[in-house]
Amino acid sequence: FRKTYGDIIARGTHKDSTTDDIRASERAVQCMRWRVAAVMHDKSAAILANSLQPKTEYRIMHACNRSMLKDRLSEVSNVIEERHAVHDAARYEKCMLTASIIDSVRSCAEPDNIVVFSSRIETLLQMRSMRPGYTFTGSSSIKKRAAALQAFNNTNGGVLYVSTKAGGLGVDITSANRVILMDLSWNPTEDTQAVARSYRMGQTKPVCVYRLIATDTLEERIYRLNIHKHSIAARVLDETDVKRVYTQEDLRRLTADVDESEAVLSIADIHDTML
């Protein structure tokens, strides 16, 4: 698959792709779509454009405890452990930013419901102690999860804390139109599915999504690689003329280092830029 389609399509999605690369990529996409047309009823997501509320996504870059991160990284042996180390070093900043977003939303004349996703249950519990709300995690029974979801849906201006694994699929949370992703998943579809709990048919308000990303860490590299994955998916599935963000050298560098040109958004900036 990679030899016939994957590698050819990917080569046409880079910022430094040649005209021949782009044309070859377009041909590969068409050939692949023609081959699956007989077995797949394919429709673009554009057909839902008039049925869904508008969605705005914010990328919030933030700092982390560098001394703690340095100590933790000296003990890790793989990227899984490194991801946990980054989260632990950035937990304080993530919680403070999340609390600031919640406060800003609640200060609105008609406060919206907010759903907060994280892969770490201890982070969700820490947030609940800072800003009370309902919890929806895999450690709770199905009965308790259903009760928490029902109570949240009947609340105005409430907060629901959801573990990404437990609540990222099969849950309808259209009562919330503010979504906070406190950390990122390796697989970008997991975050997309989490957002889709609120951004879906039945949502009556515009949706705002806030992605919290620890700058100059593995978390930022995951985010930037996920952008590239989304671009390839959009090119293949929806035949979108994607914006080419990274060169091939940029993508290689993401596996070893990160771009430090992004400004870090402070907690004080949230109130001025978010709403």
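Residues numbered from 1 in each chain as written. Predicted model: local features only at pLDDT ≥ 70, side-chain atom pairs only at ≥ 80, totals over all residues. Heavy atoms only, no water.

Participant: I'd love a proper account of the nonpolar core, names of residues and values included.
Facilitator: Nonpolar side chains tend to gather and get buried jointly when the protein is soluble and globular. Membership of the largest hydrophobic core comes to 18 residues, with the highest contact counts inside it found for Val116 and Ile180. Secondary structure elements with two or more residues in this core: helix 4 (79-106), strand 2 (113-118), helix 5 (121-130), strand 4 (159-163) and strand 6 (207-214). At six residues, the largest contribution of residues to this core is made by helix 4. Ignoring sequence-local partners within four residues, the contact set of Ile180 consists of Thr98, Ile101, Ile102, Ile114, Val115, Val116, Phe117, Tyr210 and Leu212. In this structure, Val115, Phe117, Phe136 and Leu149 belong to the second largest nonpolar core, which totals 16 residues. (Core = buried A, V, L, I, M, F, W, Y, C linked by side-chain atoms within 4.5 Å. Buried < 20%, exposed > 50% of the residue type's maximum accessible area, 1.4 Å probe, protein only. Helix = DSSP H or I, 4+ residues; strand = E, 2+ residues; numbered from the N terminus. Contact = heavy atoms within 4.5 Å.)

Participant: Explain unusual backbone geometry to me, and be specific about the residues and the numbers.
Facilitator: Backbone geometry places Asp216, a non-glycine residue, at a positive phi of 60°. Within the fold, Asp216 resides in the loop between strand 6 and helix 9 (218-237). A relative accessible area of 29% places Asp216 in the partly exposed class.

Participant: Tell me about the pattern of salt bridges, and name the residues and values.
Facilitator: Note on pairing: side chains with opposite charge can pair once their charged atoms come close. With the rule as written, the count across this model stands at 15 salt bridges. Asp172 is paired through a salt bridge with Arg200; the nearest N and O atoms lie 4.0 Å apart. Here Asp172, found in the loop between helix 7 (164-167) and strand 5 (176-181), pairs with Arg200, found in the loop between helix 8 (188-195) and strand 6; they are 28 residues apart in sequence, far enough to count as distant. Here Asp172 falls in the partly exposed class, since its relative accessible area comes to 40%. Residue classification places Arg200 among the partly exposed positions, given a relative accessible area of 27%. (Salt bridge = Lys/Arg side-chain N within 4 Å of Asp/Glu carboxyl O.)

Participant: Tell me about the sheet that holds strand 5, and name the residues and values.
Facilitator: Spatial strand order, 1-6-5-2-4-3: six strands in an open sheet with parallel pairing. At either end of the open sheet lies a strand with only one pairing partner, and these are strand 1 (55-62) and strand 3 (134-136). On average, each strand axis in the sheet is tilted by 20° relative to the strand beside it, whichever way the strands run. Of the pairings in the sheet, the one linking strand 3 to strand 4 comprises three bridges and is parallel in character. Opposite Tyr134, over in strand 4, you have Leu160 as the bridge partner. Packing against the sheet, helix 5 makes contact with strand 2, strand 3 and strand 4, and its axis sits at approximately 165° to strand 4. Together, strand 2, strand 3, strand 4 and strand 5 form the strand contacts of helix 6 (residues 142-153), whose direction differs from that of strand 3 by roughly 135°. (Pairing = 2+ DSSP bridges. Axes fitted to C-alpha atoms, helices over the stretch in contact; angles between N-to-C directions.)

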